[in-house]
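One letter stands for each residue in the lines below.
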Amino acid sequence: QGTDLAMRKGWQPSESVPWLIVHRGFIHDTPCSDLGVQDFRILMMHVPRARFEAGYYVHVRGRCAYMAENRVAKEKLFEAWDDFVEVYDPKPTDTAVDLYRRFLDETSQWKEYTF
């Protein structure tokens, strides 16, 4: 779905990871009103996966981020996020990256970091 969305919107896919949208910092900030709800949901699904590919990890809040046992498995993160996306009713001004940050802050015990 991400590849199809990128093609329809004229966004550039990554050369090394075909489904990854090379967003140069702005595509994840696109408001829902600019995409429509269906395409916005696709973009929402993309955010944690793209951030993981870019070197962002998620760890259990309040624990040392640099210890492997405190990292949240990407599959667990993706599943929790996908469940959230499925039930969330996007508002016109929502952006995917803001919702992802809010999800981590408000609805989970996780925090994002990079090495």
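The rules behind each value
- Residues numbered from 1 in each chain as written.
- Predicted model: local features only at pLDDT ≥ 70, side-chain atom pairs only at ≥ 80, totals over all residues.
- Heavy atoms only, no water.
- Buried < 20%, exposed > 50% of the residue type's maximum accessible area, 1.4 Å probe, protein only.
- Helix = DSSP H or I, 4+ residues; strand = E, 2+ residues; numbered from the N terminus.
- Arc of directions from axis to C-beta.
- Contact = heavy atoms within 4.5 Å.
- Axes fitted to C-alpha atoms, helices over the stretch in contact; angles between N-to-C directions.
- Parallel < 35°, antiparallel > 145°, perpendicular 65-115°, else oblique.
- Left-handed = near helix turned anticlockwise from the far one by under 90°.
- Nonpolar A, V, L, I, M, F, W, Y, C, P; charged D, E, K, R; others polar.
- Polar contact = N/O pair within 3.5 Å; in protein donor to acceptor, adjacent residues only side chain to side chain.
- Salt bridge = Lys/Arg side-chain N within 4 Å of Asp/Glu carboxyl O.

A.B. asks: Give a detailed account of helix H5 (residues 96-106), specifying residues and quantitative values.
C.D. replies: Those residues of H5 that sit buried are Ala96, Val97, Leu99, Tyr100, Phe103 and Leu104. An end-on view of H5 places all buried positions within 160° of arc, on one side of the element. Projecting away from the buried face of H5 at angles above 90 degrees are the exposed residues Asp105 and Glu106. In this structure, the buried side of H5 is in contact with helix H3 (37-53), strand S3 (56-60), helix H4 (74-87) and strand S4 (110-114).

A.B. asks: Run through the environment of His28, naming residues and quoting values.
C.D. replies: Mapped onto the elements, His28 comes out in the loop between strand S2 (21-22) and helix H2 (32-35). On the basis of relative accessibility, which here comes to 4%, the residue His28 falls in the buried class. Along the chain, His28 and Thr95 lie 67 residues apart, while their C-alpha atoms are 6.6 Å from each other.

A.B. asks: So what's going on with the packing of H4 against H5? Which residues, and what values?
C.D. replies: Each pair of packed helices can be described by the angle between their axes along with the distance between the axes. Contact pair H4 / H5: the axes reach a minimum separation of 11 Å and the direction vectors enclose 115°. Considering the angle they form, H4 stands roughly perpendicular to H5. Read as a crossing pair, H4 and H5 show a hand that is right-handed. Contact residues: Leu77, Ala80, Trp81 and Phe84 in H4; Ala96, Leu99, Tyr100, Phe103 and Leu104 in H5. Tallied by class, residues from the contact of H4 with H5 come to 9 nonpolar, no polar and no charged.

A.B. asks: Give me the environment of Arg61: which residues, what numbers.
C.D. replies: With respect to the helices and strands, the residue Arg61 is situated in the loop between S3 and H4. Exposure remark for Arg61: the relative accessible area of 34% places this residue in the partly exposed category. As for Arg61 and Leu104, which are separated by 43 residues in sequence, their C-alpha atoms are 9.5 Å apart. Contact partners of Arg61, with chain neighbours within four places excluded, come to Leu104, Asp105, Ser108, Gln109, Trp110 and Lys111. A distance of 2.6 Å separates the side chain of Arg61 from the backbone oxygen of Trp110, its partner in a polar contact.

A.B. asks: Let's hear about the pattern of salt bridges: which residues, and what values?
C.D. replies: Under the defined criterion, the tally for this structure stands at 5 salt bridges. We note a salt bridge from Asp94 to Arg102, for which the minimum N-O separation is 3.7 Å.

A.B. asks: I'd like a rundown of the packing of H3 against H4, residues and numbers included.
C.D. replies: Close contact between H3 and H4 brings their axes to 10 Å; oriented N to C, the two are set at 160°. The orientation of H3 with respect to H4, classified from their angle, is roughly antiparallel. By crossing handedness, the relation of H3 to H4 is classed as right-handed. Residues Arg41, Met44, Met45, Pro48, Arg49 and Phe52 of H3 lie in contact with H4, whose contacting residues are Lys74, Leu77, Phe78, Trp81, Asp82, Phe84, Val85 and Glu86. Of the residues contributing to the contact of H3 with H4, the split by class is 9 nonpolar, no polar and 5 charged.

Honestly, that's just the spatial picture; any functional story needs more than this.
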